[in-house]
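Summary of structural features
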Amino acid sequence: MHDDRALRVQMLAEIDSAIERKVSFPGYWYGDEEISRFEQKYVMARRWQPIGPVNGLVNPGDYLTATVAEVPIVVIRDKDGTLRGFVNMCRHRGHPVAKDSGNCTVFMCRYHGWTYRQDGSLIKAPRSEREAAFDPANYGLLPIRVGLWGDLGFANLQFDGPAFEEEFATLIRIAEENQIGIAKMSYRKTLVWEQACNWKTFMDNTADCYHCRLVHPTMGTTHKTDPDDYVNESYDTFAFHISHSRENHANMPAWMACGVWPNWTLQAMQGRVSNIRILEIVNANRIRVRTDFFAPPTIGEPEVEEAADWYHKLVYGEDRVVCEGVARNIMGGRFEEGPIFLGSEKVMQDFQIRYRQHLQDLKI
Ligand code: FES
Ligand SMILES: [Fe+2]
């Protein structure tokens with residue numbers, strides 16, 4: 001039996017100390033399976049998570065399945081046109097009630113045949129009429145919350161906490177004002193890969209551009225990546241940075257990036273192709289990165305392909321090398337903690353402050 005309450009208290013003390021002393025998370029936070037399990041259960045499973053494009057859910061009964069923090073979910077457009085989400089789990093023995101994606105009028109579990117309406121209520125459990133004490137009202141599918149930004153769906157397994165529109169009001173406003181938001185864009189393509197590092201190593205790397213000059217030399221030829229030249233600001237749920245193009249590449253759009261608490265990012269060339277990445281925990285030292293690309297209707301497929309290639313091979317490929325290098329030393333047990341330079345990488349500490357707030361608010 002895990003003592004999650006005690007672990008929360010210990011983590012709070014350690015994060016307080018790290019913030020106070022202006023240092024990184026303790027090294028073991030990046031490689032410890034107990035911490036990783038705690039984060040999956042009490043961070044990812046308690047926050048809004050991108051689940052991928054839902055623009056295919058057009059007609060009543062269209063549904064798709066996905067996974068949020070290891071919990072299988074199903075999202076359906078119901079007969080009234082509302083998007084609804086449920087844990088993809090029959091209340092009888094826990095078998096999934098939906099497979100892949102498709103269209104259905106009801107959810108029928110393929111194990112013993114329990115059948116649910118699109119609003120999740122149980123219609124029928126075969127032979128249940130013989131059981132006097134059985135009340136179908138107690139056995140509806142477990143609902144989850146669903147949010148939408150353009151074509152991209154979000155899910156939250158929790159009913160506590162801010163609504164989607166509230167949680168991301170600032171992010172969406174700033175992103176849309178800067179033409180990197182996806183409200184008026186359409187979904188184009190997805191890339192998925194795994195990499196050998198902790199999700200926080202990845203988010204630390206996304207937060208700062210202290211590393212950009214050295215790690216992204218090609219980008220530095222077109223964009224201003226010197227620490228004094230780019231804008232790096234923190235807001236409620238995210239950190240935002242902007243690299244403007246160099247004078248000799250003035251026709252190139254600015255490059256912008258947001259690291260969003262806890263585990264997703266928005267990156268874009270202003271007014272062109274945007275992408276949203278979600279980091280799924282595989283284990284303490286492995287993540288699955290899913291990148292969904294979006295672009296305005298005026299941008300053709302060749303430009304989307306070119307942008308996706310640029311991100312994947314160049315920027316993300318370069319970041320991956322340094323993150324995996326860091327991870328090897330963390331897994332070797334050699335990294336204890338390192339300083340955070342508030343003049344250059346304050347956003348990394350802002351991430352810790354959001355993490356501390358989450359731990360403080362957490363109900364276990
Ligand atoms: S598990 Fe679904 S009907 Fe038995
Ligand atoms: Fe980078």
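Small disclaimer: the values here were computed from a predicted structure and weren't measured. (Residues numbered from 1 in each chain as written. Chains lettered and ligands numbered in written order. Predicted model: local features only at pLDDT ≥ 70, side-chain atom pairs only at ≥ 80, totals over all residues.)

1. Concerning the environment of H241
Relative to the elements of secondary structure, H241 occurs in strand β13 (residues 238–243). Considered as a pair, H241 and N59 are 182 residues apart in the sequence and their alpha carbons are 39 Å apart. Once you skip the residues sitting within four places of it in the chain, H241 turns out to touch C209, Y230, V231, N232 and A257. (Helix = DSSP H or I, 4+ residues; strand = E, 2+ residues; numbered from the N terminus. Contact = placed C-beta atoms within 7 Å.)

2. Brief notes about helix α5 (residues 199–207)
Judged by how many residues are buried, α5 sits mostly within the fold: 9 of 9 residues are covered. Of the residues making up α5, those classed as buried are W199, K200, T201, F202, M203, D204, N205, T206 and A207. (Buried ≥ 20, exposed ≤ 12 C-beta atoms within 10 Å, placed from the backbone.)

3. Things to note about the domain arrangement of the chain
Examined at the domain level, the chain breaks down into domain 1 (51–164) and domain 2 (181–361). For domain 1 and domain 2, the distance between their C-alpha centres works out to 33 Å. Tallying the contact residues gives 7 residues for domain 1 and 10 residues for domain 2. Residue classes in the side of domain 1 that touches domain 2 are distributed as 3 nonpolar, 3 polar and 1 charged. (Domains from an automatic or database assignment. Nonpolar A, V, L, I, M, F, W, Y, C, P; charged D, E, K, R; others polar.)

4. Focus: the sheet that holds strand β17 (residues 286–295)
The strand order β11-β17-β16-β15-β14-β13-β12 describes an open sheet built from 7 strands, whose pairing is antiparallel. Of all strands in the sheet, those with a lone pairing partner are β11 (186–195) and β12 (231–234), marking the two edges. Neighbour to neighbour, the strand axes of the sheet diverge by 15° on average, direction disregarded. Two strands pair when backbone bridges link them, and strand β16 (residues 274–283) and β17 are joined in this way by 9 bridges, in the antiparallel orientation. Considered in β17, the bridge of R277 is made with T291. Sitting on the sheet, helix α4 (residues 169–177) touches β13, β14 (255–260) and β15 (264–269), and the angle it makes with β14 is about 170°. (Pairing = 2+ DSSP bridges. Axes fitted to C-alpha atoms, helices over the stretch in contact; angles between N-to-C directions.)

5. Thoughts on the packing of α5 against helix α9 (residues 342–361)
The N-to-C vectors of α5 and α9 enclose an angle of 135°; their axes lie 8 Å apart at closest approach. One way to sum up the angle between α5 and α9 is to call them oblique. The segment α5 lies against α9, with M203, D204 and A207 engaging V347, M348 and F351. The residue makeup of the contact of α5 with α9, split by class, is 5 nonpolar, no polar and 1 charged. (Parallel < 35°, antiparallel > 145°, perpendicular 65-115°, else oblique.)

6. Section: the sheet that holds strand β8 (residues 122–124)
Pairing is antiparallel across the open sheet formed by 3 strands, whose spatial order is β6-β7-β8. Of all the strands in the sheet, just β6 (107–108) and β8 have a single pairing partner and so form its edges. As judged from the 2 bridges shared by β6 and strand β7 (residues 115–116), these two strands associate in the antiparallel manner. Within the sheet, the bridge partner assigned to F107 lies in β7 and is Y116.

7. Digging into unusual backbone geometry
Cis geometry is found at the peptide bond from W261 to P262, where omega equals -5°. Among the structural elements, P262 can be located in the loop between β14 and β15. We note that E70 has phi near 70°; this positive angle belongs to a residue other than glycine. Phi is positive for D100, which is not a glycine, with a value near 50°. With respect to the secondary-structure elements, D100 resides in the loop between β4 (83–87) and β5 (101–103).

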